[in-house]
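Secondary and tertiary structure notes
This is what each chain is made of:
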Amino acid sequence: MIAAAPLVHPGFVACMRASIRRTYAYRARFLLWLLRTMAQLYLLRLVWEALYAGRDAVDGIPAVMLIVYLTIAMLQEFLIQPVIVFEIDQRIMRGTVATDIVRPIGFMWQMLGLEFGAVLGRAPVLLLAIPISMLVGSLRLPPTPEAFAGYVASLVLAYVISVLVWMLVGLGGFWMTSIHGLRFLLGTVQGFLAGALVPLWFLPDALRTALELLPFQGMVFLPISIFIGETQGRDLLGALAVQLFWVVALAALAVLVWRRARWKLVVQGG
């Protein structure tokens, strides 16, 4: 089972520390990410301001609010982009999963430790990115304390949803020869499905309704709509409830898939 070890297990903490150290072993990557992201924000700002063509708002969404939305989407993607799918895939391909699975701390807890460590390692980089984003992307603070508190709660749920989705993709490696194609496909469409590239407000009603039935909106669209104050009051609570539903549903599915994956490993002779 996934819940095979407590969060305070020494092995879990060791995995987190190893992941943090590994994150800072490639410091130049952070600088390149910062330069690329700031350039993207600047270009997106130019594109959307041109599309607005001097209008104050489109479909009730002001241009400034949209730029803030896209800025938060990029920063949030950097912070909570899971590495767990890569970790699982690498261990399956190398065959080390056979020994990882019998360690004192469960295999999935090892993966979660590496995942959480990667997030903690990336978080300080935002201290540098946020001030620049305020200039390049017109980043602003949430309009109300309610929006700030709601965003924090929603961001945590968004991260958990993202980890669970990618965890399920990684576990697919127990049945597939390689999940590179699946990783590429989901990575390509995730930004659109989650509303990171185009907010769901601007999509046709039928398409938006279809996407609202999937968990992806809980990764980006729902938390950021709370951040900018577009979702508030009962709608805010409803958004959190939707995210919580997907956390429970995906967690239950992940436990089920992991149980079958362990059996699949035995069948393969691992």
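So, here's what we can say about the structure.

What counts, and at which threshold
- Residues numbered from 1 in each chain as written.
- Predicted model: local features only at pLDDT ≥ 70, side-chain atom pairs only at ≥ 80, totals over all residues.
- Heavy atoms only, no water.
- Helix = DSSP H or I, 4+ residues; strand = E, 2+ residues; numbered from the N terminus.
- Expected span 1.5 Å × (residues − 1).
- Buried < 20%, exposed > 50% of the residue type's maximum accessible area, 1.4 Å probe, protein only.
- Phe/Tyr/Trp six-rings, centres within 6.5 Å; stacked < 30°, edge-to-face > 60°.
- Contact = heavy atoms within 4.5 Å.
- Patch = residues over 30% accessible without salt bridge, like charges linked within 9 Å, V, L, I, M, F, W, Y side chains within 5 Å.
- Areas by Shrake-Rupley, 256 points an atom, 1.4 Å probe, with all protein chains shown as cover.
- Salt bridge = Lys/Arg side-chain N within 4 Å of Asp/Glu carboxyl O.

**Some points on helix α3 (residues 63-80)**
Count 3.6 residues to each turn of an α-helix, and residues three or four apart come out pointing the same way. Taking 1.5 Å per residue, 18 residues should reach 26 Å; α3 reaches 26 Å between its end C-alpha atoms and fits that length. The buried fraction of α3 amounts to 16 of the 18 residues, a majority that puts the element mostly inside the structure.

**Brief notes about the packing of aromatic side chains**
Under the counting rule described, the total for this entry stands at 11 aromatic pairs. Relative to Phe227, the ring of Tyr151 has its centre 4.9 Å away and its plane inclined at 75°; by these criteria the two rings are edge-to-face. In this pair, Tyr151 sits in helix α8 (residues 145-171) while Phe227 sits in helix α11 (residues 221-227), placing the two residues 76 residues apart along the sequence. Residue Phe227 is classed as buried on the basis of its relative accessible area of 8%. Relative to Phe221, the ring of Trp201 lies with its centre 5.3 Å away and its plane at 70°, an arrangement referred to as edge-to-face. Of the two residues, Trp201 is situated in the loop between α9 (180-194) and α10 (205-211) and Phe221 in helix α11; the sequence distance between them amounts to 20 residues. In terms of burial, Trp201 and Phe221 fall into one category: buried. An aromatic cluster of at least three residues, connected via ring pairs, comprises Phe12, Trp109, Phe116 and Tyr159.

**Let's talk about the side chain of Gln190**
When you line up the elements, Gln190 lands in helix α9. Setting aside chain neighbours within four positions, we find Gln190 in contact with Gln81, Trp166 and Met219.

**Describing a nonpolar patch on the surface**
Taken together, the side chains of Trp175, Met176, Leu182, Leu185 and Val189 define a hydrophobic patch exposed on the protein surface, amounting to about 430 Å² of accessible area. Secondary-structure assignment places Leu182 in helix α9.

**Considering the pattern of salt bridges**
Counted by the stated rule, this structure contains 5 salt bridges. Between Arg208 and Glu212 there is a salt bridge, with its nearest N and O atoms 3.0 Å apart. Overall, the relative accessible area of 25% leaves Arg208 in the partly exposed class. One salt-bridge network, held together by shared partners, links Arg22, Glu87, Arg91 and Asp100.

**Some words on helix α4 (residues 84-94)**
Every buried residue of α4 is accounted for by Ile84, Val85, Glu87, Ile88, Asp89, Gln90 and Arg91. Looking at the buried side of α4, the elements it contacts are α1 (10-23), α5 (97-100), α6 (107-122), α8 and α9.

**Overview of the environment of Glu146**
Topologically, Glu146 is positioned in helix α8. Overall, the relative accessible area of 41% leaves Glu146 in the partly exposed class. Once residues lying within four places of it in the same chain are set aside, the contact partners of Glu146 are Gln232, Gly233 and Leu236.

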